[in-house]
Amino acid sequence: MFSGKIGFIGSGQMATALASGMLSAGLLQKDQLLACDVSLASAEKFVAATGGEICPSIAILVEKSDVIFLSVKPQSMAGVLQTLSQVSTSREKLIISIAAGITLATLEAGLGGPGRIVRVMPNTPALVGAGASAFALSQGTLAASADRPSDAQIVRQLLETVGVAEEVPESLMDAVTGLSGSGPAYVYQIIEALSDGGVRVGLPRAIATRLAAQTVLGAAQMVLSTDEHPGALKDAVTSPGGTTIAGLHALESGGLRAALMTAVVAATQRAKELGQPAR
Ligand SMILES: NC(=O)C1=CN([C@@H]2O[C@H](COP(=O)(O)OP(=O)(O)OC[C@H]3O[C@@H](n4cnc5c(N)ncnc54)[C@H](O)[C@@H]3O)[C@@H](O)[C@H]2O)C=CC1
Ligand SMILES: O=C(O)[C@@H]1CCC=N1
């Protein structure tokens, strides 16, 4: 269990996924969740999904929270940091940014200096406890003491409640964004396309989508629960002169693997761009 309160500045898709995932996992109760958003509609959606409380201002949210997620778009971050820097108690709180591209240096500069600041890249399957996150700590995070865990332990606990979490050097955070942050969208396209293929060869849509999604889930579980290389697992499906090699040949002709690699590179590059100061 987590005993403190968690506030989300920006209560959109990712904030709702994290908060809902934490609630479903039993890490906390709804009265431990707070949100502040410039859009009332967005805040109300968050409350409908989680039962958390809306705060009328960032200052009030900071006052009431122990951990604060900065879950606005990168383009909105400068304004949020400016407001936070004027709330003196924000220096005592653990501040976790999930914004693509925004560096620890930018966060520290915007908040007025080093502090308990962590950069996290989660993904939306946190909603169902199957998230993949990475985090990078700033120099100002606290070590464990007799009466409290370290900031790293708190962040790991929050993220592992909703999936897996890896600590990485900050220099890898844009790459994480390009792979697992954006990755669910790539996989949804793959599932949709597999389902379309199924429909093309005569399967009803609902059955095709369920089979496609379960196939992706099962294959992912095979990679995670065996020590086998994905290539070896692929070989185990592929009979000489059989059906699978015919399908794999078509995928190679279509450039699937190059397309996926290029997607990760493009999204990583875009994360870097989003982290550049606006000109
Ligand atoms: N959606 C995703 O799959 C992921 C998103 N992220 C990151 O999470 C952050 C949020 O993304 P989403 O949830 O997708 O966006 P979103 O648009 O759903 O939510 C952002 C929310 O911030 C609010 N907002 C804007 N300015 C604000 C301000 N000054 N004060 C308070 N609230 C404000 C907006 O009204 C909106 O409700 C982004 O920085 C994104 O890079 C990270 C990982 C995955
Ligand atoms: O598309 C985006 O910019 C965000 C960051 C990672 C996933 N969604």
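Because the structure is a prediction, the values reported are computed rather than measured.

**What about the overall build of the protein chain?**
Phase 1 of the analysis: Counting its secondary structure elements, the protein chain contains twelve helices and eight strands.
Phase 2 of the analysis: Considering the protein chain as a whole, with its 279 residues, one finds that 40% of them fall into the buried category.
Phase 3 of the analysis: Contacts in the protein chain between residues at least 24 apart in sequence constitute 65% of all its contacts with a sequence separation of at least 6.
Phase 4 of the analysis: Of the roughly 14,900 Å² of accessible surface on the protein chain, a fraction of 61% belongs to carbon and sulfur atoms.
Phase 5 of the analysis: Across the protein chain, the 19 positively charged side chains and the 22 negatively charged ones have centroids separated by 5 Å.

**So, the site of ligand 1**
Phase 1 of the analysis: Neighbouring ligand 1 are 22 residues; Gln13, Met14, Asp37, Ser42 and Val72 lie closest to it.
Phase 2 of the analysis: Ala100 is positioned such that a nitrogen or oxygen atom in its backbone is 3.0 Å from an oxygen atom of ligand 1.
Phase 3 of the analysis: Across the shell around ligand 1, the residue classes tally to twelve nonpolar, eight polar and two charged.

**Comments concerning the domain arrangement of the protein chain**
Accessible area lost during the coming together of the parts is what is often quoted as the interface size.
Phase 1 of the analysis: Partitioning the protein chain into structural domains gives domain 1 (6-173) and domain 2 (183-274).
Phase 2 of the analysis: Look at where the C-alpha atoms of domain 1 and domain 2 centre, and you get two points 32 Å apart.
Phase 3 of the analysis: Contact between domain 1 and domain 2 buries roughly 420 Å² in total, counting both sides, with carbon and sulfur atoms accounting for 62%.
Phase 4 of the analysis: Contact with domain 2 buries surface across domain 1, with Gln75, Ala100 and Gly101 losing the most and accounting together for 46% of the total.
Phase 5 of the analysis: Where domain 1 touches domain 2, the interface holds zero residue pairs in polar contact (both at pLDDT 80 or more).
Phase 6 of the analysis: Taken together, the residues of the side of domain 1 that touches domain 2 break down into four nonpolar, four polar and no charged.

**Remarks on the sheet that holds strand 7 (residues 131-137)**
Phase 1 of the analysis: Taken in spatial order, the eight strands line up as 3-2-1-4-5-6-7-8 in an open sheet, and their pairing is mixed. With partners counted over all chains shown, the strands left at the sheet margins are strand 3 (53-54) and strand 8 (163-167), one partner each.
Phase 2 of the analysis: The pairing of strand 1 (residues 6-9) with strand 2 (residues 33-36) spans four bridges and is parallel. Bridging from a neighbouring strand, Gly7 pairs with Leu34 of strand 2.

**Thoughts on the pattern of salt bridges**
Phase 1 of the analysis: Per the counting criterion, the structure on display carries eleven salt bridges.
Phase 2 of the analysis: Here Lys272 ties to Asp174 by a salt bridge, and the two come within 3.9 Å at their closest N and O atoms. Residue Lys272 is located in helix 12 (residues 256-274), and its partner Asp174 is located in helix 7 (residues 173-181); the two are separated by 98 residues in the primary sequence.
Phase 3 of the analysis: Judged by its relative accessible area of 38%, Lys272 falls in the partly exposed class.
Phase 4 of the analysis: Notably, a salt bridge pairs Asp235 with Lys234, separated by 3.0 Å at the nearest N-O pair.
Phase 5 of the analysis: Using a relative accessible area of 49% as the deciding quantity, one classes Asp235 as partly exposed.
Phase 6 of the analysis: Judged by its relative accessible area of 40%, Lys234 is partly exposed.
Phase 7 of the analysis: Three or more residues joined by partner-sharing salt bridges are found here, namely Arg119, Glu170, Asp174 and Lys272.

**Some points on the environment of Ser150**
Phase 1 of the analysis: Secondary-structure assignment places Ser150 in the loop between strand 7 and helix 6 (151-161).
Phase 2 of the analysis: Note on Ser150: relative accessible area 10%, which makes it buried.
Phase 3 of the analysis: With near-sequence residues (within four places) excluded, Ser150 lies in contact with Leu142, Ala143 and Ala144.

**Brief notes about the site of ligand 2**
Phase 1 of the analysis: Every residue near ligand 2 is listed here: Ala100, Gly181 and Ser182.
Phase 2 of the analysis: When the free accessible area of ligand 2 is taken as 250 Å², the share hidden by the protein chains comes to 49%.

**Details of the environment of Pro204**
Phase 1 of the analysis: Among the structural elements, Pro204 can be located in the loop between helix 8 (183-200) and helix 9 (205-225).
Phase 2 of the analysis: Separated by 112 residues in sequence, Pro204 and Glu92 place their C-alpha atoms 56 Å apart.

**Looking at helix 8**
Phase 1 of the analysis: Between its terminal C-alpha atoms helix 8 stretches 26 Å, which fits the 26 Å expected from 18 residues at 1.5 Å a residue.
Phase 2 of the analysis: Those residues of helix 8 not exposed but buried are Gly183, Pro184, Ile191, Ser195 and Gly198. Buried residues of helix 8, seen end-on, are gathered within an arc of 110° and therefore sit on one face of the element. Exposed residues lying more than 90 degrees from the buried face of helix 8 are Gln189, Glu192 and Arg200.
Phase 3 of the analysis: Looking one or two residues past helix 8, Gly202 carries a phi angle of roughly 110°, positive in sign.

**Describing the packing of aromatic side chains**
Phase 1 of the analysis: Taken as a whole, this structure holds two aromatic pairs when the rule is applied.
Phase 2 of the analysis: One aromatic cluster in this structure is built from Phe8, Phe46 and Phe69.

Conventions adopted
- Residues numbered from 1 in each chain as written.
- Chains lettered and ligands numbered in written order.
- Predicted model: local features only at pLDDT ≥ 70, side-chain atom pairs only at ≥ 80, totals over all residues.
- Heavy atoms only, no water.
- Helix = DSSP H or I, 4+ residues; strand = E, 2+ residues; numbered from the N terminus.
- Buried < 20%, exposed > 50% of the residue type's maximum accessible area, 1.4 Å probe, protein only.
- Contact = heavy atoms within 4.5 Å.
- Areas by Shrake-Rupley, 256 points an atom, 1.4 Å probe, with all protein chains shown as cover.
- Lys, Arg positive; Asp, Glu negative; His and termini not counted.
- Charge placed at Lys NZ, Arg CZ, Asp CG, Glu CD.
- Near = heavy atom within 4 Å.
- Polar contact = N/O pair within 3.5 Å; in protein donor to acceptor, adjacent residues only side chain to side chain.
- Nonpolar A, V, L, I, M, F, W, Y, C, P; charged D, E, K, R; others polar.
- Domains from an automatic or database assignment.
- Buried area = accessible area lost by both parts, 1.4 Å probe.
- Pairing = 2+ DSSP bridges.
- Salt bridge = Lys/Arg side-chain N within 4 Å of Asp/Glu carboxyl O.
- Expected span 1.5 Å × (residues − 1).
- Arc of directions from axis to C-beta.
- Phe/Tyr/Trp six-rings, centres within 6.5 Å; stacked < 30°, edge-to-face > 60°.

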